[in-house]
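# Architecture at a glance
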Amino acid sequence: MKKLLLLFIAGIILSGCSEDSLPPLPENSNITGLASPVRLGHERTQIPFSDFFLEPEMIQKVEIPGLDEDLYFVEGEALIIDPTQEMKAVFPLLITADGITEAIPVFCSGKQLVEFSFDSGDKKYERVTVAGEFNGWTPGRPEFDFVDGIWTTSLMLNPGTYQYQLVLDGEWMLDPANPDKIDNNMGGYNSLLSVGLDIKDKVPLLFTVEFEDDDIEIATERKTEGVLIFWQNILLPQEYYEMEEDGEIEIGIPEAATKMQRSFIRVWAWNEYGISNDLLIPLEYGNVLDDPAKVTRHDMHSMILYNAFVDRFYDADTSNNRPLNTAEVLPPADYHGGDIKGVTQKIKDGYFRELGVNTIWVSPLVKNPEGAFGFWPDPPSKFSGYHGYWPVSFTEIDNRYGTEEDLHQLVKAAHEQEMNVLLDFVANHVHQEHPLYQQHPEWATELYLPDGTLNTERWDEYRLTTWFDVFLPTLDLSKPEVYEMLSDSAVYWIKKYNLDGLRHDATKHIPEVFWRTLTRKLKEQIVEAEGRPVYQIGETYGGAELISSYVGTGMLDAQFDFNVYDDALAVLIRPDEPFTRLNASLVESMQYYGSHNLMGYISGNQDRGRFTSYAGAGLRFSEDAKLAGWTRDVKVGDKRGYLVTALLFAFNMTIPGLPVIYYGDEIGMPGGNDPDSRRMMRFKDLSDEELKLKSIVEKLTALRRNSMALMYGDFEPLLVMDDTYAYCRTYFEEIVIVVMNKGAQTKNLTFKLPDSFHDIKIESRFGTIPGLRDGRMSVTLGGRSFDVIKARN
């Protein structure tokens, strides 16, 4: 049996000290919200104070205990740190402002040097390079050098797995020296590079154990060199805890916590191999929060998002229907009549409440052009702006969706049912008819590159300047006059309509200065001034390093984790893709975004073929999903598609992060890619399979909403095989065990339970009969099925 180091966090009197002897901690904070960790690069790193402090001029002192002062210094309104190998894996940055000392966790880089080589043999090449997830699939970052007959280069990469291909004089190919490859979900393969995976089972593993009265007990497996324990943004001083040689720690919960409805204890541990998972323990007036009924919609970890694509959701007001009705725009690309009142009607009807979601994300509502633009060749069709992503105004609601009063009523109805409303906001580009572009064409980036080629759809190579199409100018958001105006527009929507957050389109195509400016304004004008949280989630396709660069205290709360979705799509549907791929993807995401992240885990989205059609083989991975949607009636195919979709929902609803339901996925709507993935939502005449899937989704959302373990629990894989997968979420004595079988045949899963599970009582929520014996669990699962097993110590 593994030895557990017990770390006791106790809200009691410690070490013979009286309660009065514990130094009081400040009740106020100069940092809005919880300070997210700063990740150092492997070279000099700059930390802007404005990411954390609304008034950086208030800062009086900056200190990193135990670190040589030659390794860090203040430059203007930023801290500069020069990383060294001697630094601890995680350490606190202490900043005193207006007499209050707060701490920011700092993570050292875990990057490793990776060498690439290519032996061209007798063939001669002018240029050899590489493209992959580590460089945004952009050849030339870096270039290879030809030395002694071998092409070589090197990169600094974080531990994880990376898909890539070599690019030889413009021709893409698998790496002949690497036998590892992975299906790319597009009918082909990529080479697969693994970096530093041998250390993932050596870093400390923290988990909660139990609490009783004022005591909290947590534990760590594996060697631990130290821990950092925070209450809010305060690094608890030595007087609050005592660490024994056997690893026991007793910590006094600050008196200040009893005066706050919601505060948090956060813990990280480290050793020579790296940083542990994090613990996030919510407190309710100084007591551990263990009652899900006390969790509110303002607790972001409780959110379950639903993307209502307004024009295609529900038509409650036919008086505002104005499709283009022109021969040059085929029906799939024209307006269908859905409107704001339609979403409101479904709120009042109880659709969202019964489904179990508490956050509605509506597509863009700004005015779009009246005419038709763009072109699809087969069959020939232009497009209307039914989707809302071609703005010709920053503040005016398109009357085809409704009115200002309609939006006020939608938000009112949602809030009355304890639901949040997020608005999709487009900052990256405008339509060419937008008055701003007409008056200030110089505020857009250049449509043509210096070599004379069009700068359109250059998603990675010119990601900050590329246009999405020739009629959609990309705004130059590095210019103050542009980013100040656009950020004011975003704040306008939040303030005017009492919205709860924003979904941001095309995040990676927008300079960081915009996100920092917007987030600062939201903190000043909404979070601090009105005392309510604002959630921001972005859309970025790329590697985890790029995605995470936009997530943090001074920027966005989260982004959609498309990489985990891509791996779920492959693993759950393809017989030859093992669960090891999906588990590795999820674990890697938690290393980048944290074990209690707010990332969005999607069931699908508007720019992809429908999951259920892929799962039922009504849509093939090897075909062009957009072309399929235009040229044939894409269906679900085999009914197994619904079973596999249920597996996806079971996964999304039980992992860390926030589940996101794309409208219609709850019933397994079929479809190819855009615009076929945007069919009109169906509420009536559902098939038995659709009704059953919807019932399963409702049951899963109810489980999540009523489980502290699924909202705040620790995560640990228990079994990772080709066709079977088991993992657990634990929050003190509440345990949730998830088991899956993606294979077609019935299988028995047997796996060891963590040593901390003592005499647990178990209850299956989806009809299996689990067995327990000698610290192991056995459960039999039918083909393409799952179970969620609740347990308590």
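It should be noted that the structure appears before, not after, this text.
All of the points below concern the structure found in this document. (Residues numbered from 1 in each chain as written. Predicted model: local features only at pLDDT ≥ 70, side-chain atom pairs only at ≥ 80, totals over all residues. Heavy atoms only, no water.)

## Quick notes on the overall build of the chain
We count it as follows: Helix and strand assignments come from DSSP, with helices taken as H or I runs of at least 4 residues and strands as E runs of at least 2, each series counted from the N terminus. The atom set for the radius of gyration is the C-alpha atoms, and the globule formula is 2.2 Å times the number of residues raised to the power 0.38. When a residue's accessible area, from a 1.4 Å probe over protein chains only, is under 20% of the maximum for its type it is buried; when over 50% it is exposed; and in between it is partly exposed. Every residue pair with non-hydrogen atoms within 4.5 Å of one another is taken to be in contact. Accessible surface area values rest on a Shrake-Rupley calculation with a 1.4 Å probe, where residue burial reflects the displayed protein chains alone. In summary, the charge assignment counts Lys and Arg as positive and Asp and Glu as negative, without counting His or the chain termini. Every charge is mapped to an atom, namely NZ of Lys, CZ of Arg, CG of Asp or CD of Glu.
Each helix and strand counted, the chain has 14 helices and 44 strands in total. The C-alpha atoms of the chain give 26 Å as radius of gyration, which agrees with the globular expectation for 793 residues (28 Å, within 12%). Each principal axis of the C-alpha distribution contributes one length, and for the chain these read about 85 × 70 × 60 Å. Within the chain, the proportion of its 793 residues that are buried is 59%. Once local pairs closer than 6 in sequence are excluded, the contacts in the chain between residues at least 24 apart make up 71%. Summed over its atoms, the accessible surface of the chain is roughly 31,800 Å², and 48% of this surface lies on carbon and sulfur atoms. Side chains of the chain give 73 positive and 124 negative charges; the mean places of these two sets differ by 7 Å.

## Here's the deal with unusual backbone geometry
For the bond running from Asp378 to Pro379, omega is -5°, close enough to zero to count as cis. Here Pro379 shows up in the loop between strand S29 (373-377) and strand S30 (380-383). Of note, the amide linkage connecting Asp674 to Pro675 takes the cis form, showing an omega dihedral of 5°. Relative to the helices and strands, Pro675 resides in the loop between strand S36 (658-662) and helix H13 (688-705). The residue Asp148 is not glycine, and still its phi comes out positive at about 55°. One can find Asp148 in the loop between strand S11 (145-147) and strand S12 (150-157). Notably, Ala506 is not glycine yet its phi reads approximately 55°, a positive angle. Mapped onto the elements, Ala506 comes out in the loop between strand S32 (501-504) and helix H6 (512-530).

## Side note on the packing of aromatic side chains
We count it as follows: Only Phe, Tyr and Trp rings take part, Trp by its six-membered ring, and two of them pair if their centres are within 6.5 Å. Stacked means planes under 30 degrees apart, edge-to-face means over 60, and tilted covers everything else. Remark: a charge is flagged as sitting over a ring if the NZ atom of Lys or the CZ atom of Arg is within 6 Å of the ring centre and within 35 degrees of the ring normal.
Tallied over the full model, the rule gives 42 aromatic pairs. Centroid distance Tyr351 to Phe352: 5.9 Å. Interplanar angle 85°. Geometry classified as edge-to-face. For Tyr351, a relative accessible area of 10% corresponds to the buried category. By the ring-pair criterion, three or more aromatic residues cluster together here, those being Tyr306, Phe313, Tyr314, Tyr351, Phe352 and Phe683. Taking the ring centre of Tyr314 as reference, the NZ or CZ of Lys346 above it sits at 4.5 Å. Against the face of Tyr663 rests Arg610, its NZ or CZ located 5.0 Å from the ring centre.

## Re a negative patch on the surface
We apply this condition: Exposure above 30% relative accessible area and the absence of a salt bridge qualify a residue for a patch, where like charges join within 9 Å and nonpolar side chains (Val, Leu, Ile, Met, Phe, Trp, Tyr) within 5 Å. Salt bridge, as used here: a side-chain nitrogen of Lys or Arg that lies within 4 Å of a carboxyl oxygen of Asp or Glu.
On the surface, Glu210, Glu212, Asp214, Asp215 and Glu250 cluster together into a negatively charged patch. In this fold, Glu210 is placed in strand S17 (residues 205-212). Residue classification places Glu210 among the partly exposed positions, given a relative accessible area of 31%.

## Quick notes on the pattern of salt bridges
For the structure on display, the rule yields 51 salt bridges. One salt bridge connects Lys752 with Asp755, and the closest N-O pair in it is separated by 2.8 Å. Look at Lys752 and you get partly exposed, because its relative accessible area is 46%. Shared partners join several salt bridges into a network, and the residues in it are Arg322, Glu370, Asp398 and Arg400.

## Let's talk about the nonpolar core
For clarity, the cut-off: Throughout, nonpolar core names a set of buried Ala, Val, Leu, Ile, Met, Phe, Trp, Tyr and Cys residues whose side chains join them through atoms within 4.5 Å.
Membership of the largest hydrophobic core comes to 177 residues, with the highest contact counts inside it found for Tyr306, Phe352, Tyr535 and Met740. When residues of this core are assigned to their parent elements, the largest contribution, nine residues, is made by helix H12 (residues 640-654). Within the second largest apolar cluster, 24 residues are counted, among which are Ile31, Val38, Phe49 and Tyr72.

## Side note on the packing of helix H5 (residues 480-497) against H6
What counts is decided by this rule: Throughout, an axis means a line fitted to C-alpha atoms (over the contacting stretch in the case of helices), and angles, computed between N-to-C directions, take values from 0 to 180 degrees. If you view the pair so one helix is near and one far, a crossing is left-handed when the near helix is turned anticlockwise from the far one by less than a right angle, and right-handed when it is turned clockwise. Ten residue types, Ala, Val, Leu, Ile, Met, Phe, Trp, Tyr, Cys and Pro, are classed as nonpolar, four, Asp, Glu, Lys and Arg, as charged, and the remainder, Gly among them, as polar.
Interhelical geometry of H5 versus H6 gives an angle of 35° and a closest axis separation of 9 Å. The crossing of H5 and H6 is right-handed. Between H5 and H6, the contacting residues are Tyr483, Glu484, Leu486, Ser487, Asp488, Ala490, Val491, Ile494 and Lys495 on the first element and Val513, Phe514, Thr517, Leu518, Lys521, Leu522, Gln525, Ile526 and Glu530 on the second. Partitioning the contact of H5 with H6 into residue classes produces 10 nonpolar, three polar and five charged.

## Topic: the environment of Tyr162
For clarity, the threshold we go by: Polar contacts, as used here, are pairs of N or O atoms within 3.5 Å; protein pairs need one atom able to donate a hydrogen and one able to accept it. Residues neighboring in sequence count only if both atoms are side-chain atoms.
Summarising the element assignment, Tyr162 is placed in strand S13 (residues 160-168). Once the C-alpha coordinates of Tyr162 and Ile182 are considered, the two residues, 20 residues apart in sequence, prove to be 9.9 Å apart. Those residues in contact with Tyr162, other than ones at most four positions away along the chain, are Glu133, Phe134, Leu157, Ser191, Leu192, Leu193, Val195 and Tyr592. Of note is the side chain of Tyr162, whose polar atom sits 2.6 Å from the backbone oxygen of Asn158.

## Remarks on the side chain of Ser548
Mapping Ser548 onto the fold places it in helix H7 (residues 544-548). Ser548 gets classed as buried once you look at its relative accessible area, which sits at 15%. What Ser548 contacts, discounting residues up to four positions off in sequence, is Tyr592 and Tyr593.

## Considering the pairing of S30
Stated formally: DSSP bridges decide pairing: two strands pair if at least two such bridges lie between them.
Alternating positions in S30 separate cleanly, Ser381 and Phe383 being buried on one face and Pro380 and Lys382 remaining unburied on the opposite face. Strand direction decides the pairing type here: S29 and S30, joined by three bridges, are antiparallel. When the bridges of S30 are listed, Phe373 appears paired with Phe383. Between S29 and S30, which pair antiparallel and follow one another directly, the connecting turn spans two residues.

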